[in-house]
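Observations on the three-dimensional arrangement
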Amino acid sequence: MNVRPTEHMGAIIRSDRESDAVRTNIITIIGGLARIIRYQWATMLLIFIGIACLAGVYAAVARPQYNATATLVVESSRSPTSQSTQTPADAATESANIETLAEVARSEAIATAVVDKLELYNDPEFIGRDPNSETEESIIKGILRPLMASVKVLLGRKELSENDLHKQAVNSLRETLRVRRVALTYVIEISASSSDPRKAANIANTAALEFVKFQLESSSLAAKSAGVWLEARLVELRAEAEATEAAISNFRASGDPGSEPQERATLRELATRAQTYRSLYDAFLARAATMQQAEVPIPDARMVSVATAPLEPSFPRPGLVLPIGIAFGILAAGICGWLKERGQEKVRSAADVKRLVNSDFLGSAVVGNLYLDREADSVSKALQGQFLLPSGARVSVQQPQSELAAIIRNMRVAIDASGWDRESKVIGIVSACAAEGKTLVAANLAQAIAASGSKVLLVDANAPYPTLTTLLTSAGSHSCPNSAVGTERIHDLALYADHENLAFLPNYIDRRDVGPSTSIPSRQMRDLLKEARSMFDYVIVDLPAITGQPDVRALSSSIDHFVLLIRSNSSAQHKVAEALEMVPQIRPLLVGTILTR
């Protein structure tokens, strides 16, 4: 008894799930479209405006074409009484005859007759130029003729003769003429296009008349040929009949033709032959008389509607071109925007971060460049083994309401909530590509933690681009040791801020060796980080970009947590994914991701 309600509930649950899936797909599609419009609107708007303007310009300046149509009807070869008993075979034959007439109307013979009658071989529209144009001739003779002649020689072309112009006009006319059968009727339409409406109507009517004339001439020629043949056949039959009758007369005059059986048989044979020739002669004579008395030959098709000059062009139609241009512009803009979005695939939002990195999103903020503060005591502090962070590295403390300060607080919370059981924490600030804002974020994080009372060491491990080292040691003559790194300790290498909570370990690579491919000695750096754990509560490491550098992989075993920075609307998604695949140790230790702008 409880089976049916259970099945009913199961069907309801499945239906709800399907509805949720459909709703999710619709939301995904709408979100994707909104994303494309949001980030590619400039490109899409430019393409749409360009195509719409092109459509408008084309509709305004394009040479209009007018279409005129003449109508003919084909005379049925069957009588009205026999049409009611028409078989499928008869219908197929009748349809084939009509299609044959349509093909005749498309033939070169009809086009040639029209060209000759209207002298289209002198029409620029059909031959491509005006042979009687004095202006063109003067230009060609004066300036362009030698150049055009050289080009034609190189291309293997020669000057067109009158015969060539005539053929060109015929071919052009055949391209503009349209002959079609209207559905399955006996009606044939002949249409012509031209930039002049009167010319279009004249060409269509002339083509129709020439087609009817061609039918008349064909019928007349056929009747004339039949008459000549009949006349020749009559002469032959009359001669044969007269010869046979003469043979009979001679046979009878030679004696008694009926005395012998053989003579009687010969006489009967001659009489039969003479009668046959005489019957054939009479029949052909009657046929010839009928043909002579017949009316003028009737063509297979007759013209029932003449073409008139159209009032509006058939192409282009502004009322049609503009909407089509707008629709095509919208379609092209959407496709181009989608292709560009697919090609770029930039990281732009928290959703992108969660889908790509699968980590907590710590926020998004404007991150600029660090610049040296030209303060009076900068040189003296550097000479005394101390340093003063640039103002850009003190935003988290001096501007607590800023976006960057909020992100730094989120980072601190995420790091402390990570559950790591070590007393000291080594935090690596990393990015997939260069110039993502790592140095500024690392300096602000170190400054904020130090301001809360914890002892912090800020390490410049970015060998290719040691920005912090350049800024904090360029104010004085302090130079980081190079050859003695293995023997000196952090206390001897580090610079200290005004307060003892914040220390800075410069990059110990010789500045003359700094470059995009520069790497740090990984063993010495790991030893320094190990030593720093016993001296500081937090060690903030400004790491180089993952792409193209082995340093992050080499130091990953000494890092407790990573914070990933991604430049919004700049970093390609595949670059970020490839970078994380290059150093798989980062994902398990990643406490959050920051979007910089």
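Before reading on, note that the structure itself is shown above.
Keep in mind that what you see is a predicted model, and the values were worked out from it rather than measured. Once a new chain begins, its residue numbering starts again from 1 and follows that chain's sequence as written. Local features are withheld for residues below a pLDDT of 70 in this predicted model, meaning they are given only at 70 or higher, and side-chain atom pairs are given and counted only at 80 or more; totals for whole chains, interfaces and linings count all residues. Here the side-chain values reflect all heavy atoms present in the structure, with hydrogen atoms and water set aside.

Moving on to the overall build of the protein. Only DSSP runs of H or I reaching four residues or more are called helices, and only runs of E reaching two or more are called strands; each is numbered from the N terminus. Helix and strand content of the protein: 20 helices and 12 strands. The proportion of buried residues among the 597 residues of the protein is 38%. Working rule for contacts: check all heavy atoms of both residues, and any pair within 4.5 Å makes them a contact. Taking as baseline every contact in the protein between residues at least 6 positions apart, the subset at least 24 positions apart corresponds to 80%. Buried residues are those whose accessible area, probed at 1.4 Å on protein chains only, stays under 20% of the maximum for their type, while exposed residues exceed 50% and partly exposed ones sit between those limits.

With that out of the way, let us pick up the packing of aromatic side chains. One pair of aromatic rings is described through two measures. These are the centre distance and the angle between the planes. For Phe, Tyr and Trp, where Trp contributes only its six-membered ring, two rings pair if their centres lie within 6.5 Å, and the inter-plane angle classes them as stacked under 30 degrees, edge-to-face over 60, or tilted in between. A complete count under the given rule lists zero aromatic pairs for this structure. Taking NZ or CZ as reference, Lys455 lies 5.8 Å from the ring centre of Phe536, over its face. Two conditions define a charge sitting above a ring: the NZ of Lys or the CZ of Arg must be within 6 Å of the ring centre, and it must be within 35 degrees of the ring normal.

Compared with an ideal rise of 1.5 Å per residue, which puts 14 residues at 20 Å, helix 14 (residues 403-416) spans 20 Å between its outermost C-alpha atoms and is within 8% of the ideal. Here helix 14 has its buried residues at Leu404, Ala405, Ile407, Ile408, Met411, Ala414 and Ile415. Multiplying 1.5 Å by the helix residue count minus one yields the expected span of that helix.

Turning next to the side chain of Gln215. Relative to the elements of secondary structure, Gln215 occurs in helix 8 (residues 197-253). For Gln215, a relative accessible area of 7% translates into the label buried. Contacts of Gln215, omitting those with residues within four sequence positions, involve Leu101, Val104, Pro299 and Asp300.

What follows covers the sheet that holds strand 11 (residues 561-567). Read across the sheet, eight strands follow the order 5-12-11-6-10-7-9-8 without closing on themselves; strand pairing throughout is mixed. If you trace the sheet from one side to the other, it starts and ends with strand 5 (361-365) and strand 8 (495-496), each paired once. Strand pairing follows a simple DSSP-based rule, namely that at least 2 bridges must link the two strands. Where strand 11 meets strand 12 (residues 590-596), six bridges bridge the pair, whose relative direction is parallel. When the bridges of strand 12 are listed, Leu565 appears paired with Ile594.

Time to look at the sheet that holds strand 2 (residues 178-181). The strand order 2-3-1-4 describes an open sheet built from four strands, whose pairing is antiparallel. Two strands close off the open sheet at either side, each with one partner strand: strand 2 and strand 4 (301-305). Neighbour-to-neighbour, the strand axes of this sheet turn through a mean angle of 30 degrees, independent of strand direction. As judged from the eight bridges shared by strand 1 (residues 66-74) and strand 3 (residues 187-194), these two strands associate in the antiparallel manner. For helices, the fitted axis covers only the stretch in contact; all axes are lines through C-alpha atoms, and the angles between them, taken along N-to-C directions, range from 0 to 180 degrees.

This part takes up the nonpolar core. In summary, soluble globular proteins display a tendency toward joint burial of nonpolar side chains. By size, the foremost hydrophobic cluster in this structure holds 39 residues, and its most contacted members are Val357, Leu457, Val459, Val539, Val541, Val576 and Ile586. Leaving out residues up to four positions away in the same chain, Ile586 has contacts with Val430, Ile546, Val552, Phe562 and Leu580. Only buried Ala, Val, Leu, Ile, Met, Phe, Trp, Tyr and Cys residues count toward a nonpolar core, and they belong to the same one when joined by side-chain atoms within 4.5 Å. Core analysis: the next-biggest nonpolar cluster, separate from the first, contains 35 residues, Ala414, Val441, Ala443 and Leu565 among them.

The subject of this paragraph is the packing of helix 4 (residues 108-118) against helix 7 (residues 162-176). The N-to-C vectors of helix 4 and helix 7 enclose an angle of 115 degrees; their axes lie 9 Å apart at closest approach. Here helix 4 and helix 7 pass one another in a crossing that is right-handed. Counted together, Glu108, Ala111, Thr112, Val114, Val115 and Asp116 of helix 4 and His166, Ala169, Val170, Leu173 and Arg174 of helix 7 form the full contact between these two elements. Amino acids are sorted into nonpolar (Ala, Val, Leu, Ile, Met, Phe, Trp, Tyr, Cys and Pro), charged (Asp, Glu, Lys and Arg) and polar (every other residue, Gly among them). Its residues assigned to classes, the contact of helix 4 with helix 7 comprises six nonpolar, two polar and three charged. By convention the crossing between two helices is left-handed if the near helix lies anticlockwise of the far one by an angle smaller than a right angle, and right-handed if it lies clockwise.

Let us look at helix 4. When helix 4 is considered as a whole, its buried residues turn out to be Ile110, Ala111, Val114 and Val115. Relative to the axis of helix 4, the buried residues are bounded by an arc of 135 degrees and lie together on one face. One or two positions beyond helix 4, positive phi appears at Glu119, with a value near 55 degrees. Think of the arc as the fan of directions from the helix axis to the C-beta atoms.

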